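Chain residues, written in single-letter form:
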Amino acid sequence: HVTHKIINTSNTLRTSMAEANSSPAGYCRMAIPKKGRLYDVCCEMLKGGGIKFHRGARLDVAVCKGLPLTLVFLPASDIAMYVGEGDVDFGITGFDIVEESEVEVEKVLDLGIGKCKLCVQAQVSKKITNPADLAGKRIVTSFPNLTKKYFDVLDKEKGTKTSIKFVSGSVEAACGLGLADAVVDLVETGTTMRAAGLEVIADVLETEAVLIKNPQTKHADLLSKILRRLEGYMVSTQYVMLVYNIATALLEKANSAAPGKRSPTITALEDPNFKSVSILVHKKEMSEKMDELHDIGATDILALNLANSRM
């Protein structure tokens, strides 16, 4: 009897886990990277866009609150394929992954995060400056399709056949181990590349995180809503609201120095000789604009952070 109880409890637990790790019928599905820095940034963006969810332990699916949306947590390298094949409606991954996967998806939004370049790299000691000199040589990469497309052009010009070998990680070590004459890999800061004694010979592709969708998705309306929310959050992270008071006689000069993103919002005060002004200013310019306004004669200058926006 005890054995039967244990088996029944185990089966119930597995059934419960399976149900928790699934999407309700008719819900839109959105894929995001399941771990790493891009996962953290995606979660922050979704939170900023008012997309609320709870991901249970050991689960790769989370149903959102207040929206008919299920988040599916997948390896970033697989997301483009899942979107292209229609298993999920849209997702966030790197543009390099989209191009490497060679699937039919539509890019909806550049997210401005994870910016880097896919580059041809060779050992500094070899003093190679022309990528054509690597045509017909041995290339190691985690991006065989993009690498082949790049070297096919050079091979056609030189009548050579470049050997392209796929490895899933530690690409930068290939040259030092004598396994390759060059590598094609992502470069962000260049620290890892330089530590391996490599340098950039040529750029293959500029990439960043992107929102992509399946062209046949049936959830276009929900996608539009999520797109507005994400765009609003992105704007809110780039701008601050400056609010200040200024004498009416100095208003034109202040508006000229700090016109804002579109145009100032000017509000009358009880004192007819003063106005209150609100403008959107890029965060990078915030301190400079506050100094300028102060020097012109503005007072009570406040910088307010934004939670979200609709432009």
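Up top is the structure.
Remember, predicted model here, so these are calculated numbers, not experimental data.

**Q** Even after reading the chapter, I still don't get the packing of helix α2 (residues 37-48) against helix α7 (residues 220-238), so can you show me in this structure?
**A** In a pair of packed helices, the angle between the axes and the distance between the axes together describe the arrangement. At a minimum axis distance of 8 Å, the contact between α2 and α7 shows a crossing angle of 100°. Compared by their axis directions, α2 and α7 come out roughly perpendicular. Across the interface between the two elements, Glu-44, Met-45, Leu-46 and Gly-48 from α2 touch Leu-230, Tyr-233 and Met-234 from α7. Of the residues belonging to the contact of α2 with α7, the class tally is five nonpolar, one polar and one charged.

**Q** Would you mind going over a negative patch on the surface with me for this structure?
**A** There is a patch of like negative charges on the surface, built from Glu-285, Glu-288, Asp-291 and Asp-295. If you trace the backbone, Asp-291 turns up in helix α9 (residues 286-296).

**Q** Hey, could you run me through the sheet that holds strand β9 (residues 182-187) in this one?
**A** Strand pairing in a sheet relies on backbone hydrogen bonds. The paired strands run either parallel or antiparallel. Pairing in this open sheet of five strands is mixed, and the strands run β8-β7-β9-β6-β10 from one edge to the other. One side of each edge strand has no neighbouring strand; the edge strands of this open sheet are β8 (163-166) and β10 (198-207). Looking at each pair of strands side by side, their axes are set apart by 25° on average, direction ignored. Here three bridges tie strand β7 (residues 138-141) to β9, and the two strands are oriented parallel to one another. When the sheet's bridge partners are listed, Ile-139 is paired in β9 with Ala-182. Contacts between helix α5 (residues 144-158) and the sheet are confined to β6 (116-123), β7, β8, β9 and β10, with β10 contributing the most and set at about 105° to the helix.

**Q** Hey, could you run me through the sheet that holds strand β13 (residues 265-268) in this one?
**A** Pairing within the open sheet is antiparallel, and its four strands lie in the order β13-β14-β12-β15. Whereas interior strands pair on both sides, the edge strands pair on one side only; in this sheet they are β13 and β15 (299-305). Here the strands of the sheet are splayed against their neighbours by 20° on average, with no regard to which way each runs. Strands β12 (239-247) and β14 (274-282) of the sheet are contacted by α7, whose axis makes an angle of about 55° with β12. Contacting β12, β14 and β15, α9 crosses the sheet at an angle of about 0° to β12.

**Q** Sorry, what's going on with the pattern of salt bridges here?
**A** Once their charged atoms are close, side chains differing in charge can pair, the charge on each being opposite to the other. Counted under the stated rule, the structure contains nine salt bridges. Residues Asp-203 and Lys-117 are paired through a salt bridge, measuring 3.3 Å at the closest nitrogen-oxygen approach. Within this pair, whereas Asp-203 is found in strand β10, its partner Lys-117 is found in strand β6, the two being separated by 86 residues in sequence. Asp-181 is the salt-bridge partner of Arg-138, the closest N and O atoms lying 3.2 Å from each other. Residue Arg-138 is found in strand β7, and its partner Asp-181 is found in the loop between β8 and β9; the two are separated by 43 residues along the sequence. For Arg-138, a relative accessible area of 37% translates into the label partly exposed. For Asp-181, a relative accessible area of 26% puts it in the partly exposed group. If you follow the salt bridges from partner to partner, you end up with Lys-34, Arg-55 and Asp-60 in one network.

How each quantity is defined
- Residues numbered from 1 in each chain as written.
- Predicted model: local features only at pLDDT ≥ 70, side-chain atom pairs only at ≥ 80, totals over all residues.
- Heavy atoms only, no water.
- Axes fitted to C-alpha atoms, helices over the stretch in contact; angles between N-to-C directions.
- Helix = DSSP H or I, 4+ residues; strand = E, 2+ residues; numbered from the N terminus.
- Parallel < 35°, antiparallel > 145°, perpendicular 65-115°, else oblique.
- Contact = heavy atoms within 4.5 Å.
- Nonpolar A, V, L, I, M, F, W, Y, C, P; charged D, E, K, R; others polar.
- Patch = residues over 30% accessible without salt bridge, like charges linked within 9 Å, V, L, I, M, F, W, Y side chains within 5 Å.
- Areas by Shrake-Rupley, 256 points an atom, 1.4 Å probe, with all protein chains shown as cover.
- Salt bridge = Lys/Arg side-chain N within 4 Å of Asp/Glu carboxyl O.
- Lys, Arg positive; Asp, Glu negative; His and termini not counted.
- Charge placed at Lys NZ, Arg CZ, Asp CG, Glu CD.
- Pairing = 2+ DSSP bridges.
- Buried < 20%, exposed > 50% of the residue type's maximum accessible area, 1.4 Å probe, protein only.

Just distances and angles here, no functional claims.
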